[in-house]
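Working through the structure, step by step
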Amino acid sequence: MTDLQELYQQVILDHNHHPRNFGAIQNPDCEAEGYNPLCGDHYKVYCTLDGDKIKEIRFSGEGCAISKSSASIMTEILQGRSKEEVLRILDAFQKMIKGEELKEEDEEILDKAAVLAGVKDYPMRVKCATLAWHTLKAALEAFEKKEKTVPVISTDKE
Ligand code: FES
C-alpha cells in the first residue's frame, strides 16, 4: 500500500469511527431514507435550506465503514453549498466511483471525497459508497416537488 492509500484509509476509518454531522435534524426542510437491499444497511439524510443553499445537512442510520464514512464526508463537503454546486459534486462523485475520467474541475470540487476513489476497484462496494449520496439526491428532489419526506429508496438498480 502506498503512503497516499494508507492516508486515505486512515481518513475513511476516522470518519467511520467519528462520523461528522451524525444525528437527525428536527423539522428539516427535506429528508429521505436510503436502503441497500443487498445488506440491509440504511441511512436517513436531512437538510435545512437557506434559499438556494444547504444550510445544514446531517445523517443517521447504520451501515458498513465505507457507507458511513462516505455519508460523513458528504455532509462535510456539502455544508453551505448551493444546489447547483451540490448537483455538480454528486455528478463528479458518481463518475469517480464508477471509474470514469474526471475533469480537473471535478477533482477540485470533490475535495476530500477523493479519498473514496479506490472504491472503483471494488464493484461490490460501489453501492456502499453511493448510498447516502443517492439518498441526498432523493431528499432534494422531494423538496423540489414540495414533498417533505420520501419513501425509502433502494440502490439495487445501479
Ligand atoms: Fe451495506 Fe456497505 S455493506 S452499505
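You'll find the structure just up there.
Basis of the calculations
Residues numbered from 1 in each chain as written. Predicted model: local features only at pLDDT ≥ 70, side-chain atom pairs only at ≥ 80, totals over all residues. Heavy atoms only, no water. Salt bridge = Lys/Arg side-chain N within 4 Å of Asp/Glu carboxyl O. Helix = DSSP H or I, 4+ residues; strand = E, 2+ residues; numbered from the N terminus. Pairing = 2+ DSSP bridges. Axes fitted to C-alpha atoms, helices over the stretch in contact; angles between N-to-C directions. Contact = heavy atoms within 4.5 Å.

**Considering the pattern of salt bridges**
A full pass over the atoms with the stated rule returns eight salt bridges. A salt bridge links Arg58 to Glu56; its shortest N-O distance comes to 4.0 Å. For Asp106, the salt bridge goes to Lys95, with nearest N and O atoms at 3.0 Å. Here the residue Asp106 occupies a position in helix α4 (residues 104-110), and Lys95 occupies one in helix α3 (residues 83-97), the gap between them amounting to 11 residues. Residues joined by salt bridges that share partners form a network here, namely Asp14, Arg20, Glu76 and Lys112.

**Regarding the sheet that holds strand β1 (residues 30-35)**
Spatially, four strands are ordered β3-β2-β1-β4 in an open sheet, and the strand pairing comes out mixed. Looking at which strands have only one partner, the edges of the open sheet turn out to be β3 (53-62) and β4 (149-154). Pairs of neighbouring strands in the sheet enclose a mean axial angle of 20°, with direction left out of account. With nine bridges connecting them, strand β2 (residues 42-50) and β3 associate as antiparallel partners. Pairing of Leu49 across the sheet is with Ile54, part of β3. Sheet strands in contact with helix α2 (residues 65-78) are β2 and β3, and its direction is about 165° off that of β3. The sheet strands contacting helix α5 (residues 126-144) are β1, β2, β3 and β4, and the helix crosses β1 at an angle near 145°.

Treat this as a map of the structure, not an account of what it does.
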